[in-house]
Structures are given as C-alpha cells and as structure tokens.
Amino acid sequence: MRAALITGASSGIGLATARTFLQNGCAVLGVARDPAKLAAMKDACADLDSPLATAALDVMADNAPECAVASVLEHFGRLDHLVNNAGIGSPKPVHETDDETLDYFLGLMLRAPFRMCREALKAFGNEATVVNVSSTYSILGGLRGGAYSAAKAGLDGLTRHMAAQYGTSGVRCNSVAPGVIPTPMTEHRLEVEGFRRMNYDMTPAARMGTVEDVAQAIWFLSSPQSGWINGQTLAVDGGWTTTKFLTESALEAERALAPTDWTHSGKPPKRKDNE
Ligand code: NDP
C-alpha cells in the first residue's frame, strides 16, 4: 500500500485531501499543530478503511521534516507522496507587511515545503510525487497578495525545479492553485459581501469551489493517471484565472462606468476603489 505525507491535514483542503487519498487505498500521515484538531480529523476519517496516522508538528520547526518523514516510515514503511498544503491566509499588501509577517508567510509556505521536499527525497521510492498547494494569487498579482503571493509564487518555482531536477529519478512534482474555497481559512473573508461578489462576478461557474474539487486534483496529480504531467501548476478555480469572465451585472457596471471619463477627459479614469 502506498503512503502519503500530507501537511495541514486537519482542516479544509488538507482534510479533504487526506480523505481522498484514504478512499483511494493510500495510507496517510496527517501533519498539523493542534492535537485536538488531529483527533477530530481521525474521527472524520473513521469511516474509511485505509490506515491513517497523525503527527502533531509545526512544519516550520527545524526538526519537522525529519520527524514527519521518520513518522511516516515508522507507521507505513515507505513514502510515496508528499502534499505540502499547510498554510494561512489573510494576506496584506507590501506596504502593510512587517518583517515578522513576511518571515512567517515565507517560512510557512515556502521554506517549510522546501525543507519537506528535501527530506522526502531521501525516503521516496520509485514513482514518487510531490504536490504543492499554491494559489491563484501566485499566477495573478492579486490585490493584498503581498507576502502570500510571493511565497506561493516561490512554491511554484520550487515545483518546476523539483520536476527538472528529480524527474529522471521517477519523482514528479506539480502544484495546484486553488481559487477561493470555503474553509476555516476563508470563512471570515467570505462573510464580506465585496469579497464574495468579486469571486462570484469573475468565475464562469454556477457554484463555489469545494475542498473536494481541490482534493481530487491533488489526488490526480499524485496518481499514475497523471504520469506524464510534471512541473505544472494546475489552477482549480472554476476558470477564474484564465477566462477574464464577468457576470452580466458586472459587465453592465463596467460599461456604465468606463466610457464617460475617457471621452470627456481623454485620459484613463483615476481608480478610487483601491485607495
Ligand atoms: P485551513 O485553515 O482550513 O487549514 C490549514 C491547515 O494547515 C490546518 O490543518 C492547520 O492546522 C495547518 N497548519 C497551519 N499552520 C501550520 C504549521 N505551522 N504547521 C503545521 N500545520 C499548520 O486552510 P485551507 O484548507 O483553506 O488552506 C490549505 C492550503 O490551501 C493553504 O496552503 C492555503 O494557502 C491554500 N489555499 C487555500 C485557498 C482557499 O480559498 N481556502 C485558496 C488558495 C490556496 P493547525 O492550525 O492545527 O496547525
């Protein structure tokens, strides 16, 4: 039985990913900090037959990669898949980001996955995979992206390097870039009408994305079905990043706003909404 190490497995996308791997007959070691949430994760996966173990670790700790990889080997005797998913949201723009926040975002979402990859490489068998959970904010600028965008774009760079460097050793590395998905990380932001509206108005879909949408993509990129895919970043966002879609109401608002200022002054309208 193949074995996966999934960070941030106690909540949201990580929890759905752990369930998906278990459903597909893969053993899982779930990593997160809070033992109570990990215990709840075990309960949430109790209906599934594949073996699940957990390790309460801060992925930013110096010894976290060694502990996590040792734990998966101890429980399952092998390591085939790494999913670097642990992360936080609520980014701020550059001018509002202090050094502490910058270091925290880069430490959690770039340095920690880098170090996890380095340790996992020592344990991987043949045909191993890494999936890094990036973000659409790595592909687009993203207002307020700041350190979050920087970390996630770095993670995509790491993804492509890993693919180039270790492909001939049978290790594939890809990333998924979710759009906004309701999870504990985003629930407070989704309470804000403007944030909800931005996502709804720019997504050519009749529903929100779900944690299962992302989990299925991560599983696909970890499974032999994606065997010829390496070094890619797959946006899982209902088309948000690629389509430049606007709902009818957003289009009408845009049409109503744009022409007057242009024709009267001959200059582009001064944007007020970002101030
Ligand atoms: P959640 O807040 O639901 O889950 C985050 C998970 O990461 C929890 O299990 C948390 O557990 C764990 N975690 C956080 N910090 C650490 C740490 N230092 N060490 C170990 N584990 C940690 O978030 P999501 O499921 O929404 O996000 C998962 C990933 O998806 C993140 O990388 C995020 O950036 C990315 N993403 C999410 C999007 C969304 O809209 N939800 C959109 C784009 C990307 P604990 O607190 O106990 O450690």
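Residues numbered from 1 in each chain as written. Predicted model: local features only at pLDDT ≥ 70, side-chain atom pairs only at ≥ 80, totals over all residues. Heavy atoms only, no water.

A. Representation of the pattern of salt bridges within the structure. Tallied over the full model, the rule gives 8 salt bridges. A salt bridge links aspartate 80 to arginine 2; its shortest N-O distance comes to 4.0 Å. You can see aspartate 80 sitting in strand 4 (residues 79-84) and its partner arginine 2 sitting in the segment before strand 1 (3-7), a full 78 residues away along the chain. Arginine 2 gets classed as partly exposed once you look at its relative accessible area, which sits at 31%. Between arginine 78 and aspartate 80 there is a salt bridge, with the nearest N and O atoms lying 2.8 Å from each other. (Salt bridge = Lys/Arg side-chain N within 4 Å of Asp/Glu carboxyl O. Helix = DSSP H or I, 4+ residues; strand = E, 2+ residues; numbered from the N terminus. Buried < 20%, exposed > 50% of the residue type's maximum accessible area, 1.4 Å probe, protein only.)

B. View of the environment of serine 90. With respect to the element layout, serine 90 can be found in the loop between strand 4 and helix 4 (99-123). The partly exposed category is assigned to serine 90, whose relative accessible area is 39%. Through-space distance from the C-alpha of serine 90 to that of valine 131 is 23 Å; in sequence the pair is 41 residues apart. Those residues in contact with serine 90, other than ones at most four positions away along the chain, are Phe105 and His188. Looking at serine 90, its side chain comes within polar contact range of the side chain of histidine 188, at 3.2 Å. (Contact = heavy atoms within 4.5 Å. Polar contact = N/O pair within 3.5 Å; in protein donor to acceptor, adjacent residues only side chain to side chain.)

C. Quick peek at the layout of surface pockets. Quantified by volume, the second largest pocket comes out at close to 810 Å³. The wall of the second largest pocket is formed by 40 residues, among which Asn85, Ala86, Gly87, Ile88 and Met185 lie closest to the centre. The set of elements that each furnish at least two residues to the lining of the second largest pocket consists of helix 1 (12-23), strand 2 (27-32), helix 4, helix 5 (136-139) and helix 6 (146-166). Among the elements that take part in the lining of the second largest pocket, helix 1 stands out by supplying 3 residues, more than any other. (1 Å grid on protein atoms, 1.4 Å probe; cavity = no way out; pocket = protein on both sides within 12 Å on 5 of 7 lines; lining within 4 Å. Points joined across faces, edges and corners; volume = space filled by probe spheres on them.)

D. Highlighting the sheet that holds strand 7 (residues 233-236). Read across the open sheet, the 7 strands follow the order 3-2-1-4-5-6-7; overall the sheet is parallel. Each edge of the sheet is formed by a strand with only one pairing partner; in this case those strands are strand 3 (52-56) and strand 7. In this sheet, neighbouring strand axes are inclined to one another by 20 degrees on average, regardless of whether the strands run parallel or antiparallel. Where strand 5 (residues 124-133) lies against strand 6 (residues 171-178), 6 bridges are found, and the strand directions are parallel. In the sheet register, alanine 128 faces strand 6, and the bridge partner there is valine 171. Running at roughly 170 degrees to strand 1, helix 1 makes contact with strand 1, strand 2, strand 3, strand 4 and strand 6 of the sheet. Sheet contacts for helix 3 (residues 64-76): strand 1, strand 2, strand 3 and strand 4; angle to strand 2, the most-contacted strand, approximately 150 degrees. (Pairing = 2+ DSSP bridges. Axes fitted to C-alpha atoms, helices over the stretch in contact; angles between N-to-C directions.)

E. Fine view of helix 3. Taking 1.5 Å as the rise per residue, helix 3 with 13 residues should run 18 Å; its terminal C-alpha atoms sit 18 Å apart, in good agreement. Along helix 3, the residues classified as buried are Ala64, Pro65, Ala68, Val69, Ser71 and Val72. Buried residues in helix 3, looked at end-on, bunch into an arc of 155 degrees, giving them a common side. Immediately downstream of helix 3, the backbone of glycine 77 shows phi near 75 degrees, a positive value. (Expected span 1.5 Å × (residues − 1). Arc of directions from axis to C-beta.)

F. Here's a closer look at the packing of helix 4 against helix 6. The N-to-C vectors of helix 4 and helix 6 enclose an angle of 15 degrees; their axes lie 8 Å apart at closest approach. As summarised for this structure, helix 4 and helix 6 are arranged roughly parallel, according to the angle between their axes. In terms of crossing hand, the pair formed by helix 4 and helix 6 is right-handed. Only Ala147, Tyr148, Ala150, Ala151, Lys152, Gly154, Leu155, Leu158, Met162 and Tyr166 of helix 6 make contact with helix 4, whose side of the interface consists of Leu102, Phe105, Leu106, Met109, Leu110, Pro113, Phe114, Cys117 and Leu121. (Parallel < 35°, antiparallel > 145°, perpendicular 65-115°, else oblique. Left-handed = near helix turned anticlockwise from the far one by under 90°.)

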